[in-house]
Amino acid sequence: KKLNQNKVKIRIATKINSNTKDIVKELSEIAEVREIKNIEARFVMVDGKELCFIVSDDKANEDDNAIWVNTPFFTTALEKMFNDVWKDLQPVRVE
């Protein structure tokens, strides 16, 4: 919530189902949330410079394993791909 109050732009692309509906509703109060159906990936980008990849499949593993890198070159490339996908995703309507 602090990030949102400080005008940090938060965008989340996620799958939506009965298991995620409540958390999506909560997150939509502080972030723009859109539904993605055909990509299995989990990552966080910060300021176009840093990137955190979650490299474990959450369905097959209870533990999350991640790699955090500070690489503007790679993060910028991934950010461009994310933006291309983002523009075609439908905004989530929370009820």
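These lines cover the structure that appears in this document, whether it is placed above or below. (Residues numbered from 1 in each chain as written. Predicted model: local features only at pLDDT ≥ 70, side-chain atom pairs only at ≥ 80, totals over all residues. Heavy atoms only, no water.)

Across the sheet, 3 strands lie side by side as 3-4-5; this open sheet has antiparallel pairing. Sheet topology places strand 3 (43-46) and strand 5 (66-70) at the edges, where each strand pairs with a single neighbour. The average undirected angle you get between the axes of adjacent strands in this sheet is 10°. Inspection of the sheet shows strand 4 (residues 50-54) paired to strand 5 by 5 bridges, in the antiparallel sense. Pairing of Ile54 across the sheet is with Ala66, part of strand 5. (Pairing = 2+ DSSP bridges. Helix = DSSP H or I, 4+ residues; strand = E, 2+ residues; numbered from the N terminus. Axes fitted to C-alpha atoms, helices over the stretch in contact; angles between N-to-C directions.)

The next thing to look at is the sheet that holds strand 2 (residues 32-35). Ordered in space as 1-2-6, the 3 strands form an open sheet in which the pairing is mixed. The open sheet is flanked by strand 1 (11-14) and strand 6 (90-91), the only strands paired with a single partner. Across the sheet, helix 3 (residues 72-86) is in contact with strand 1 and strand 2; its angle to strand 1 comes to roughly 70°. (Contact = heavy atoms within 4.5 Å.)

With respect to the secondary-structure elements, Ser56 resides in the loop between strand 4 and strand 5. One polar contact links the side chain of Ser56 to the main-chain carbonyl oxygen of Asp63, over a distance of 3.2 Å. (Polar contact = N/O pair within 3.5 Å; in protein donor to acceptor, adjacent residues only side chain to side chain.)

Looking now at unusual backbone geometry. Positive phi, normally seen in glycine, also occurs at Asp47, with a value near 55°. In this structure, Asp47 sits in the loop between strand 3 and strand 4. Take Asp47: its relative accessible area is 69%, and that puts it in the exposed class. (Buried < 20%, exposed > 50% of the residue type's maximum accessible area, 1.4 Å probe, protein only.)

Another aspect to go through is the packing of aromatic side chains. Scanning all chains against the criterion turns up 4 aromatic pairs. Plain terms: the ring middles of Phe43 and Phe82 are 6.1 Å apart, the flat faces sit at 85° to each other, and that makes the pair edge-to-face. With a gap of 39 residues between them, Phe43 in strand 3 and Phe82 in helix 3 connect regions that are remote in the sequence. Accessibility expressed as a relative area gives 27% for Phe43, which makes it partly exposed. Looking at Arg11, its charged tip hangs above the ring of Trp86, at a distance of 5.1 Å from the centre. (Phe/Tyr/Trp six-rings, centres within 6.5 Å; stacked < 30°, edge-to-face > 60°. Lys NZ or Arg CZ within 6 Å of the ring centre and 35° of its normal.)

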